[in-house]
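Structure assessment
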Amino acid sequence: MTGTGLWHRASSVTGVSAAADRVWQRLQLDRFAGGRHAGYVIHEDMREHPRTVRSFGGIRWLLFGETVVGLTAIFIAAVLASRGEHVPWAVWFRSTVVLFITASLYVFAWRAQLGYYWAYARLRLFSRIFPIVTLIVATIPGLYPGWMVVEQIVFSLLMIGIGDLLTSDHMRAAFPKPVRAAEADPTR
């Protein structure tokens, strides 16, 4: 045990999540995605803490909102195109990218809820970066139609909400940064 975290596989996974976790483990995707912190899992007490569970519930709802926003953008673009209106390539690209980004965020949230620090760190980082990038791109004149600019603002607000949940005092305490081996062992 190092600090409040453990270097092991997350336990107490049930149902579909358990089956998906077994496949994920078999393919060693945590090792690929998590790098040197792939096996660092927070303590079970913190994973099951009511505030942690509530935060991840909120994150799932916000990610669902992200999905609805992405699907709505594609629907609007498809309706406009079917009416013969020109829909810029940037709209199709942006709409598709939002759905792929959201899918990756679902995976990060799932792994973070299982206690993996690497997934929490990625989700937290992306919840800070994506709103900034999205809002900057939305300000480029003529790149997107007005409705797409509104979609980007809504996307950004939802991401900011995810970031707020992840950076609460409780969540930062629940997911302490892993200590490097050299820092943990003063004899090195």
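Note: the structure precedes this text.
Attention here is on the structure that accompanies the text. Predicted model, so just to flag it, every value in this text is computed and none were measured. (Residues numbered from 1 in each chain as written. Predicted model: local features only at pLDDT ≥ 70, side-chain atom pairs only at ≥ 80, totals over all residues. Heavy atoms only, no water.)

1. Some remarks on the environment of Val 53
The condition that has to hold: The way it works is that DSSP assigns letters per residue, a run of H or I at least four long becomes a helix, a run of E at least two long becomes a strand, and they are numbered from the N terminus. Should any heavy atoms of two residues lie within 4.5 Å, those residues are counted as being in contact.
Within the secondary structure layout, Val 53 lies in helix α4 (residues 50-82). For the pair Val 53 and Gln 113, spaced 60 residues apart in sequence, the C-alpha to C-alpha distance is 7.8 Å. In contact with Val 53, not counting residues within four places along its chain, are Arg 47 and Glu 48.

2. Quick word on the packing of aromatic side chains
Quick note on the threshold: Working definition: a ring pair exists when centres of Phe, Tyr or Trp rings (six-membered ring for Trp) sit within 6.5 Å. Plane angles under 30 degrees give stacked, over 60 give edge-to-face, the rest tilted. Only protein chains enter the accessibility calculation, which uses a 1.4 Å probe; a residue is then buried when its area is under 20% of its type maximum, exposed when over 50%, and partly exposed in between.
Inspection of the entire model under this criterion finds eight aromatic pairs. On the basis of an interplanar angle of 85° and a centroid distance of 5.9 Å, the ring pair of Trp 61 and Phe 64 is categorised as edge-to-face. Taken together, the positions of Trp 61 and Phe 64, both in helix α4 and three residues apart, correspond to about one turn of that helix. Taking relative accessible area as the criterion, Trp 61 reaches 65% and is therefore assigned exposed. Judged by relative accessible area, Phe 64 falls into the partly exposed class, the value being 45%. Summarising the aromatic geometry, the rings of Phe 126 and Phe 130 are spaced 5.1 Å apart at their centres and angled 10° between planes, so their arrangement reads as stacked.

3. Looking at the pattern of salt bridges
Stated formally: A side-chain nitrogen of Lys or Arg and a carboxyl oxygen of Asp or Glu constitute a salt bridge if their distance falls within 4 Å.
Taken as a whole and assessed by the stated rule, the structure comprises two salt bridges. Residue Glu 151 is joined to Arg 94 by a salt bridge in which the shortest nitrogen-to-oxygen separation is 3.8 Å. On the criterion of sequence distance, the pair formed by Glu 151 in helix α7 (residues 146-166) and Arg 94 in helix α5 (residues 89-113) is long-range, its members being 57 residues apart. Across the pair, exposure class does not vary: Glu 151 and Arg 94 are buried alike.

4. Section: α5
Convention followed: To estimate the expected span of a helix, subtract one from its residue number and multiply by 1.5 Å.
With 25 residues, α5 extends 36 Å between its outermost C-alpha atoms, agreeing within 8% with the 36 Å of an ideal straight helix rising 1.5 Å per residue. When α5 is considered as a whole, its buried residues turn out to be Ala 90, Val 91, Arg 94, Ser 95, Val 98, Ile 101, Thr 102, Leu 105, Phe 108, Ala 109, Arg 111 and Ala 112. Gly 115 sits one or two residues past α5 and shows a positive phi near 105°.

5. Comments concerning the side chain of Ser 156
Its place among the elements puts Ser 156 in helix α7. Aside from chain neighbours lying at most four places away, what touches Ser 156 is Pro 131, Thr 134 and Leu 135.

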